[in-house]
Amino acid sequence: MISRTLLILALLFAFSTSATAAPAGVGTKTVRDVNTMLAKTLVTKVKSKEHEAKLLEQARKQLGSFLDIDELGRRAMKDHWAQLTVQQRTEFQSLLRNLIETNYVQGLRANVKYDVDYVGEKPQGEFILVQTVIRSERKGRPLKIEIDYLLSKSGSTWRTFDITTDGIGLVENYRAMFNKLISKSGVDGLLDRMRTKLAGMNK
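Just so it is clear, the structure is predicted and the values come from calculations on it, not from any experiment.

Attention now moves to the pairing of strand E3 (residues 127–138). Judged from the eleven bridges that link them, E3 and strand E4 (residues 141–154) form a sheet pairing that is antiparallel. In the sheet register, Gln131 faces E4, and the bridge partner there is Asp148. Between E3 and E4, which follow one another and run antiparallel, lie two residues, and Lys139 among them has a positive phi close to 55°.

This is the structure:
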């Protein structure tokens, strides 16, 4: 389940070949700007292995400035968070951050291309919901994916901690996965699974 969830995440910030846009509010502008910034970083011509490593690290930082992975992790682990030790919380957040960022940059480096439609945005209490549609092809057939970003204000900037793909929220998806693994193997088993997955991605 970890592999599938991380693969889905690589689609959430698509490298768009073109885009159409509804009138941009602050939420739509935020999502579009970060997608554009990341795309420019990842399509930069690589001059050396050192240059590539620098670009990928830059992409990780750009993603981290928009996707609040720590808040995502806390919300996904809400059923167990109070029982975790400080050491477990710290390691969990670190592993989750590295898994998401590593999978994201590897996925977009594969040059998978999509068209992104920025459909609109609407307030949801203290949050802003930004609605997008990604259009691509799978095995020669049209592929359409609806992706909504839930933004919250962090200081003077807007960040997201939950993203919904075709009606399934990232927090909800992770929570179900984590709860299932913890029920079988406990928190230590979950952490072991995450360590193994990260080690395999970094080979």
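This brings us to the pattern of salt bridges. In the structure shown here, the tally under the stated rule is ten salt bridges. Across the pair Asp70 and Arg97 runs a salt bridge, and its minimum N-O distance is 2.6 Å. Taken as a pair, Asp70 in helix H4 (residues 69–76) and Arg97 in helix H5 (residues 86–109) lie far apart in primary sequence, 27 residues in all. Under the relative-accessibility criterion, Asp70 is labelled partly exposed at 25%. Taking the shortest distance from any N to any O, the salt bridge between Arg75 and Glu71 comes out at 2.8 Å. Linking Arg75 with Glu71, this pair stays in helix H4, spanning four residues, or about one helical turn.

By the secondary structure assignment, Thr28 is in helix H2 (residues 26–42). Beyond its immediate chain neighbours, meaning those up to four positions away, Thr28 contacts Tyr118, Gly120, Glu121 and Val130.

Formed by 48 residues in total, the largest nonpolar core has its most connected members in Phe92, Tyr174 and Phe178. It is helix H6 (residues 170–201) that provides the largest number of residues to this core, a total of 13 residues. Excluding residues that lie within four positions of it along the chain, Phe92 makes contacts with Gly73, Met77, Trp81, Phe178, Leu190, Leu191 and Met194.

So, about the confidence of the model for the chain. The pLDDT averaged across the chain works out to 83; a share of 83% of its residues lies at or above 70. Element-level pLDDT for the chain is lowest in helix H1 (residues 2–10), with a mean of 48, against a maximum mean of 95 in H4. Contacts from residues 1–8, a stretch scored under 50 in pLDDT, to residues over four places away or in other chains number 22 contacts.

The next subject is the environment of Arg89. In this fold, Arg89 is placed in helix H5. The class of Arg89 is partly exposed, set by a relative accessible area of 27%. Remark: the alpha-carbon pair of Arg89 and Asp70, spanning 19 residues in sequence, is separated by 10.0 Å. Non-local contacts of Arg89, meaning those with residues more than four positions away in its chain, are made with Trp81, Ala82 and Leu84.

Thresholds, definitions, all that
Position labels on residues start from 1 in each chain and follow its written sequence. Only residues with pLDDT of at least 70 are given local features in this predicted model, and only at 80 or more are side-chain atom pairs given and counted; all residues enter the totals for whole chains, interfaces and linings. No hydrogens and no water enter the side-chain calculation; it runs on all heavy atoms of the structure. Strand pairing is assigned whenever DSSP detects at least two bridges linking the two strands. A run of H or I in DSSP becomes a helix once it reaches four residues, and a run of E becomes a strand once it reaches two; helices and strands are each numbered from the N terminus. By salt bridge we mean one thing: a side-chain nitrogen of Lys or Arg within 4 Å of a carboxyl oxygen of Asp or Glu. Relative accessible area decides the class of each residue, using a 1.4 Å probe on protein chains only: under 20% of the type maximum gives buried, over 50% gives exposed, and in between gives partly exposed. Any two residues whose heavy atoms approach within 4.5 Å at even a single point are treated as in contact. As used in this record, nonpolar core signifies buried Ala, Val, Leu, Ile, Met, Phe, Trp, Tyr and Cys residues forming a set joined through side-chain atoms within 4.5 Å. In predicted models, pLDDT denotes the confidence assigned by the predictor to each residue on a 0 to 100 scale.

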